[in-house]
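# A structural walkthrough
Here's the letter readout for the chains.
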Amino acid sequence: GPEKIIDKKKEYLIPCSYHFYSNPPQIVKGDMQYLFDSSGKRYIDFFSGVSVMNCGHCNPEILEKTIEQMKTLQHTTTIFLTEPIVSLAEKLAEATPGSLKRSFFCGTGSEANEGAMLLAKLYTGNNEFIALNLGLHGRTHLTISVTGIGMWRTDPFPAGGVHFAPNPYCYRCPYKSVNDECGMECVQAVENVIKNHTSGRVAAMIAETIQGNGGIITPPKNYFKELKNVLDKWEIPLIIDEVQTGFARTGKMFAIEHYEVEPDIMTVAKALGNGVPIAAYITNDKIGKTFTKPSASTLGGNPVSAAAGIAVLEYIERHNLIKRAETLGKRLKDGLLKLKDKYSIIGDVRGIGLMLGAELVKENKEPATRETDIILEALKDRGIIIGKNGEYRNVLAFQPPLVISEEDIDSLIIELDNVLENVTI
Ligand code: PMP
């Protein structure tokens, strides 16, 4: 039972392994947007293992293609070229914005970001990075060092040469701007960092399109255009981390398309494999062609993970998941906004498509962290799993598999309404 699992976890896993809930359910089975625990209880999944299971748990169409590849040829390394890796790269070139074209495959989001930053160093001959407060990019040395959310900056000796700039956190705007009179001071702040804090030898700026772990922080419409202008002026490449936002999650294939900007390098992971480990950084010809020294990831883009990636891209297209995320995301956001009108604890509702967050606060926007945990537990008891994030862990996160139904979204709103009715602040 679940108790035994917790006991064993405490004994055999490094205690850094973090979990939600005081008494987490032992999940034993997944079926599209549903999860089941060891007692047979069903949960609607509004978490997707942090935006991984965009096509649903144990999706039969994707499983069939992945298992077929598994039975035929599992692995060779890139030294023996196989067909799936190049087919996937070709498909990604089509799916990604503008002239992004050349891929390097690896296993995790951390590796993809680490690799993207290495590429930027090789390309520019520079060694410094700019990152955003509350960003999260991984758990390797350099990716932890560009991570701007305190909880995940676990390395006491982070890499030098990383400079942080304010993030576009409109709800808590450090410049006290309100929407229609925003002077985009946070973009100017990036330029100030370049001018006043760096040595001038910047290899890249790295940013998530929407900060996931930082609290579904969604930049204003013109943010990336203005940011890119500043970076172009200083000849600094932009690495966009689409690890959480990619693959139809926001109602576009990649969230950066909402901002009509083409990054110099883009990183993807999570939903590309729909549960199979695969990640990549993708760049244009100009930058990509300069990386000619041998470099490889043993398992990166191996035939099985590449077959899964191809099946995911085909599934997204065949089942119109981009449109679905947009339509269902609107339904969910409307429901959350109605609850915001009803309950003062909901200070802000934000996000795009099916990547939505609700920031919970007390008076004067004081984070309602304890209440967030109570709500998470109560929803779990009612058969709904959601996420939480933000600097103060006070943001409810809704990132369901994109195959979720309208009825499931309505159930969430009804149950959240019931739960909020009973939470006093
Ligand atoms: N970038 C973002 C935006 C992420 O959310 C994460 C993981 N939550 C990572 C990078 C790191 O990915 P991984 O855990 O696969 O290394």
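Residues numbered from 1 in each chain as written. Predicted model: local features only at pLDDT ≥ 70, side-chain atom pairs only at ≥ 80, totals over all residues.

On to the site of the ligand, then. In the neighbourhood of the ligand, 15 residues make up the surrounding shell, with Thr108, Gly109, Ser110, Gly138 and Val243 lying closest. The biggest single contributor to the shell around the ligand is helix α5 (residues 109-124), with three residues. Tallied by class, the residues present in the shell around the ligand amount to four nonpolar, nine polar and two charged. (Near = placed C-beta within 6 Å. Helix = DSSP H or I, 4+ residues; strand = E, 2+ residues; numbered from the N terminus. Nonpolar A, V, L, I, M, F, W, Y, C, P; charged D, E, K, R; others polar.)

As for its position among the elements, Thr82 is in the loop between α3 (60-72) and α4 (83-95). Here the alpha-carbon distance between Thr82 and Gly301, two residues 219 residues apart in the chain, equals 9.8 Å. Those residues within four positions of Thr82 in sequence are excluded, and the remaining contacts are Leu73, Thr76 and Pro303. (Contact = placed C-beta atoms within 7 Å.)

The domains assigned to the protein are domain 1 (2-55 + 320-421) and domain 2 (61-318). On a C-alpha basis, the centroid separation for the pair domain 1 and domain 2 is 25 Å. The partner domain 2 presents 30 residues to the 29 residues of domain 1 that form the contact. For the side of domain 1 that touches domain 2, a count of residues per class yields 14 nonpolar, nine polar and six charged. (Domains from an automatic or database assignment.)

With that settled, consider α3. Between its terminal C-alpha atoms α3 stretches 18 Å, which fits the 18 Å expected from 13 residues at 1.5 Å a residue. Every buried residue belonging to α3 is among Ile62, Thr66 and Gln69, and all of these are buried. The arc that holds the buried residues of α3, viewed along the axis, is 60°, so those residues lie on one side. α3 presents Pro60, Glu64, Glu68, Lys71 and Thr72 as exposed residues on the side facing more than 90 degrees away from its buried surface. (Expected span 1.5 Å × (residues − 1). Buried ≥ 20, exposed ≤ 12 C-beta atoms within 10 Å, placed from the backbone. Arc of directions from axis to C-beta.)

Moving on, we get to the nonpolar core. Soluble globular proteins: nonpolar side chains tend toward being buried together. Judged by nonpolar contacts, the single largest core of 117 residues is most densely connected at Ala204, Ile239, Ala280, Val312 and Ile386. Counting residues per element, this core draws most heavily on helix α10 (residues 303-318), at 10 residues. Leaving out residues up to four positions away in the same chain, Val312 has contacts with Cys55, Ile62, Phe247, Ala271, Leu272, Gly273 and Asn274. (Core = buried A, V, L, I, M, F, W, Y, C linked by C-beta atoms within 7 Å.)

Looking now at the packing of helix α7 (residues 185-196) against helix α8 (residues 223-233). One can describe the packing of α7 onto α8 by two numbers: an axis separation of 9 Å at closest approach and a directional angle of 20°. One way to sum up the angle between α7 and α8 is to call them roughly parallel. Between α7 and α8 lies a crossing whose hand is right-handed. Side by side, α7 and α8 meet where Val187, Val190 and Glu191 of the first sit next to Tyr223, Glu226, Leu227 and Val230 of the second. (Axes fitted to C-alpha atoms, helices over the stretch in contact; angles between N-to-C directions. Parallel < 35°, antiparallel > 145°, perpendicular 65-115°, else oblique. Left-handed = near helix turned anticlockwise from the far one by under 90°.)

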